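Residue-level listing of the chains:
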Amino acid sequence: MVAPARTFAHDGIAFGGDYNPEQWDESVWAEDVALMREAGVDLVAVNVFGWARVEPRPGEFDFSGLDRILDMLHAAGIRVNLATGTASPPPWLAHRHPEILPVTEDGTHRYPGGRQAFCPSSPVFRDAALRLVEAVASRYGAHPAVALWHVSNELGCHNALSHSDASTDAFRRWLRTRYGTVAALNDAWGTAFWSQEYGSFDEILTPRAALSARNPGQALDFHRFSSDALLELYRAEAAVIRRHSEVPITTNFMVAAHIENMDYWQWAGDMDVIANDHYLDHRLGDPRTELSFAADLTRGLAHGTPWILMEHSTGAVNWQPVNHVKAPGQLARNSLTHVARGADGVCFFQWRASVQGTEKFHSAMLPHAGTDSALWREVVDLGETVERIGEVAGTRVVADVALVFSWESWWATDAETRPSAAFGYLDQVHAAYAALAGLHLTVDIVAPGAPLADYRLVVVPGLHLVREAEAAVITDWVARGGTALVTFLSGTVDAEDRIYTGGYTGPFREALGVRVEEFAPVPVDAVLRLESGGAATLWSERMRPTTAEVIDTVVDGPAAGSPALTRNAWGDGAAWYLATLPDAETYGRIAARIAAEAGAAPAARVEGAPREVEVVRRRGDDRSYLFVVNHTVEDVRVHAAGFDLITQTPVSGACEVPAGTVRIIREECAS
Ligand code: GLA
């Protein structure tokens, strides 16, 4: 067993992308490498979808192509992020073993023809995958080009929830381990209601399609199990690699708006370096702010250490209803926003645009139009920029604010029966984050129960499922002088999805100084007026203060006259409670007032304070860097002093940041 490396050592910021040369004749490969060098590429992911090539028939391996690719890249000084290749099983596997196929909740199979056509709990798939990993890792474990191992690809992207027989068996085993006895399981799931009591673990199924709503405890545990099953696959592959290589191992997370099924707080500790894939999602109201949130959450998973952006796009993707191109300059702004927020690697899917197959309309670093294109020039420019700012690598982002995020709360609020189907957990998180981002505050995203000593303000949006001990970390921190903003639905259920009685907000109730008697959600198009003149939607509550001061009140709707915003002095600190969803402007005002009280400040002062300007500081032992990303169509002035790495010019006192551009200022003295 070789000792794990645990860090990804790279000189500067890594730059590159997925390289899938299987798609082209070998004569193209030399041009690829020459152009990679022109673009400053120094890290490429290979063999992501290589299984069918390296194991064309069961147990028969052919590494001749991959050998040549690795040697060629190595000779050019390009490091390799080597995938195990298990993400897309070749047709022969399902043909011989149809039992590996995933099954949906209505009992139908999902067939091969796409990718990830396997059930994560299939022992047959696992054996075949580990045989491949053994072959790849033993062959390339000591290859000098290999800088990083890339387990599978986006584990759980398509196949996270499978209801196959293998999955059912594994779910039962998982439940046995969690509960020990079926009596404990019955208690946890509340099966006494609706005549659902189980007599043995063998009677339990995965939550398959039913005629009515299903047991929410069962659904929640199925989410936990499914996330764990994928993590087990990761661990199994990583263990095989580790026997042959000391190079760091990771897999690419999907911290993104539409991906809900993996609890990455549980996964992060298994990664030697955190890597994320992020694509702007134009189905959202504010894709740009979601990018910043996702980057901050990825940094949270890395516990503040640098992470790698393993994939994003140079332009349009091909899987949204309308696939938007990027505006001129947006590629650099997006990439450097990730760097500002802690990424030490900027990579893309994929190097050369496919001309065939499912992703032929997906952008790439080298577009169909070739090198005589604006997109290629932007890629080359970005490569130069990334090279120029290499000295920021290894520094860490500084944040005054923490936002508590929980995949379990996301799953629990997605239950089939709930107070309002219009409540979206992630929407609430995004709304709170947007209010903070609009004030230019840098936000760390933390897990429930994470230590809070470094922060001035903690925001807890819709933390529906919370353990008493996790809530106590927040309320104790407030008592010691912290300021927290907790928003509605927080503290509703415990880890077993059981309501905390005695007034909602459960373990937060005393610190918040309120008594919430009934939820009073409102129709989606209803707008609630607030006494302060603000407006709100979605939610109100019949509640009253016990010890809290009422700051704002709902004027109309089913909870007219009830508080909308309260503040409770708790120990040496203050606990604020927001019982509705304010519109963006009102939320911004509320966040500004609370942030000011908490003493949370942006990394730099932006004149005129347009919300589409981002300011973030990364700090090392003896240096700091101020990133300013101007997404507006106006030039802005930011107060800073030092040396701008982008324009290579000194900055004294104030820095002009032209419309649509980025500045990265090595500061003379960090504030
Ligand atoms: C994911 C996958 C890639 C590719 C991109 C397209 O990130 O990992 O293989 O399909 O999506 O956006």
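Conventions adopted
- Residues numbered from 1 in each chain as written.
- Predicted model: local features only at pLDDT ≥ 70, side-chain atom pairs only at ≥ 80, totals over all residues.
- Heavy atoms only, no water.
- Helix = DSSP H or I, 4+ residues; strand = E, 2+ residues; numbered from the N terminus.
- Rg over C-alpha atoms; globule rule 2.2 N^0.38 Å.
- Buried < 20%, exposed > 50% of the residue type's maximum accessible area, 1.4 Å probe, protein only.
- Contact = heavy atoms within 4.5 Å.
- Areas by Shrake-Rupley, 256 points an atom, 1.4 Å probe, with all protein chains shown as cover.
- Lys, Arg positive; Asp, Glu negative; His and termini not counted.
- Charge placed at Lys NZ, Arg CZ, Asp CG, Glu CD.
- Near = heavy atom within 4 Å.
- Polar contact = N/O pair within 3.5 Å; in protein donor to acceptor, adjacent residues only side chain to side chain.
- Nonpolar A, V, L, I, M, F, W, Y, C, P; charged D, E, K, R; others polar.
- Phe/Tyr/Trp six-rings, centres within 6.5 Å; stacked < 30°, edge-to-face > 60°.
- Lys NZ or Arg CZ within 6 Å of the ring centre and 35° of its normal.
- Domains from an automatic or database assignment.
- Salt bridge = Lys/Arg side-chain N within 4 Å of Asp/Glu carboxyl O.
- pLDDT = per-residue confidence, 0-100.
- Pairing = 2+ DSSP bridges.
- Axes fitted to C-alpha atoms, helices over the stretch in contact; angles between N-to-C directions.
- Expected span 1.5 Å × (residues − 1).

(A) The overall build of the protein chain, seen in detail. The secondary structure content of the protein chain amounts to 17 helices and 29 strands. Rg of the C-alpha trace for the protein chain: 26 Å, near the compact-globule value of 26 Å for 671 residues, within the 12% margin. In terms of its C-alpha atoms, the protein chain occupies a principal-axis envelope of roughly 75 × 75 × 45 Å. Counting across all 671 residues of the protein chain, residues that qualify as buried make up 61%. Sequence-distant contacts, at least 24 apart, represent 72% of the contacts inside the protein chain between residues at least 6 apart. Accessible surface computed for the protein chain: about 25,700 Å², of which carbon and sulfur atoms make up 51%. Charge centroids of the protein chain, computed over 55 positive and 86 negative side chains, lie 1 Å from each other.

(B) Structural detail: the site of the ligand. Looking at the ligand, the residues that line it are Phe 49, Arg 115, Asn 153, Glu 154, Asp 277, Tyr 279, Glu 311, Trp 319, Phe 349, Glu 359 and His 362. Tyr 279 places a side-chain nitrogen or oxygen 3.4 Å from an oxygen atom of the ligand. Trp 319 is positioned such that a nitrogen or oxygen atom in its side chain is 2.8 Å from an oxygen atom of the ligand. With the chains in place, 97% of the 300 Å² that the ligand exposes on its own is no longer accessible. Of the residues belonging to the shell around the ligand, the class tally is 4 nonpolar, 2 polar and 5 charged.

(C) Representation of the packing of aromatic side chains. One pass over the full model with this rule turns up 31 aromatic pairs. Aromatic pair Phe 63 and Tyr 140: ring centres 5.7 Å apart, planes at 85 degrees, arrangement edge-to-face. Highlighted residues: Phe 63 in the loop between helix 2 (51-54) and helix 3 (64-75) and Tyr 140 in helix 5 (residues 123-140), separated in sequence by 77 residues. Tyr 140 matches Phe 63 in its accessibility class, with the two residues each being buried. Between the aromatic rings of Trp 174 and Phe 225, the centroid separation amounts to 6.3 Å while the plane-to-plane angle is 70 degrees, which identifies the pairing as edge-to-face. Taken as a pair, Trp 174 in helix 6 (residues 165-179) and Phe 225 in helix 8 (residues 216-242) lie far apart in primary sequence, 51 residues in all. Residue Trp 174 shares its accessibility class with Phe 225, and that shared class is buried. These aromatic residues form a ring-pair network of at least three members: Phe 253, Tyr 264, Trp 265, Trp 267, Phe 293, Phe 405, Trp 407, Trp 410, Tyr 425 and Tyr 433. Sitting over the face of the ring of Trp 24, Arg 352 holds its NZ or CZ atom 5.7 Å from the ring centroid.

(D) Fine view of the domain arrangement of the protein chain. Each domain of the protein chain was delimited in the assignment, giving domain 1 (401-598) and domain 2 (613-667). A C-alpha centroid distance of 34 Å is found between domain 1 and domain 2.

(E) Spatial organisation of the side chain of Asp 497. Structurally, Asp 497 is set in the loop between strand 14 (483-487) and helix 16 (509-512). For Asp 497, which is buried and forms no salt bridge, the nearest opposite charge comes from Arg 224, at a distance of 7.8 Å.

(F) Up close: the confidence of the model for the protein chain. Confidence in the prediction of the protein chain, expressed as mean pLDDT, is 96, and 99% of residues score 70 or more. Confidence drops under pLDDT 50 across residues 1-5; counting only partners more than four residues distant or on other chains, this segment forms 12 contacts.

(G) Representation of the pairing of strand 29 (residues 662-667) in the model. The element strand 29 is extensively covered by neighbouring structure, given that 5 of its 6 residues are classed as buried. Alignment of strand 24 (residues 624-630) against strand 29, held across 5 bridges, turns out to be antiparallel. Within the sheet, the bridge partner assigned to Val 629 lies in strand 29 and is Val 662. Inspection of the sheet shows strand 26 (residues 642-644) paired to strand 29 by 3 bridges, in the antiparallel sense. Bridging from a neighbouring strand, Asp 644 pairs with Ile 665 of strand 29.

(H) Examining the sheet that holds strand 5 (residues 249-250) more closely. Spatial strand order, 5-4-3-2-1-9-8-7-6: 9 strands in an open sheet with parallel pairing. The two strands at the open ends of the sheet, each matched to only one other strand, are strand 5 and strand 6 (252-253). As paired elements, strand 2 (residues 43-46) and strand 3 (residues 79-83) share 4 bridges and run parallel to each other. Note that in strand 3 the partner of Val 44 across the bridge is Val 80. In this fold helix 11 (residues 330-340) packs onto strand 8 (307-311) and strand 9 (343-348), with an angle of close to 145 degrees to the strand it touches most, strand 9.

(I) Here's a closer look at helix 8. Helix length check: helix 8 (27 residues) gives 39 Å between terminal C-alpha atoms against 39 Å at 1.5 Å per residue, within 8%. Judged by how many residues are buried, helix 8 sits mostly within the fold: 21 of 27 residues are covered. For helix 8, the N-terminal capping position is held by Asn 215, with its side-chain oxygen 2.7 Å away from the main-chain nitrogen of Gly 217.

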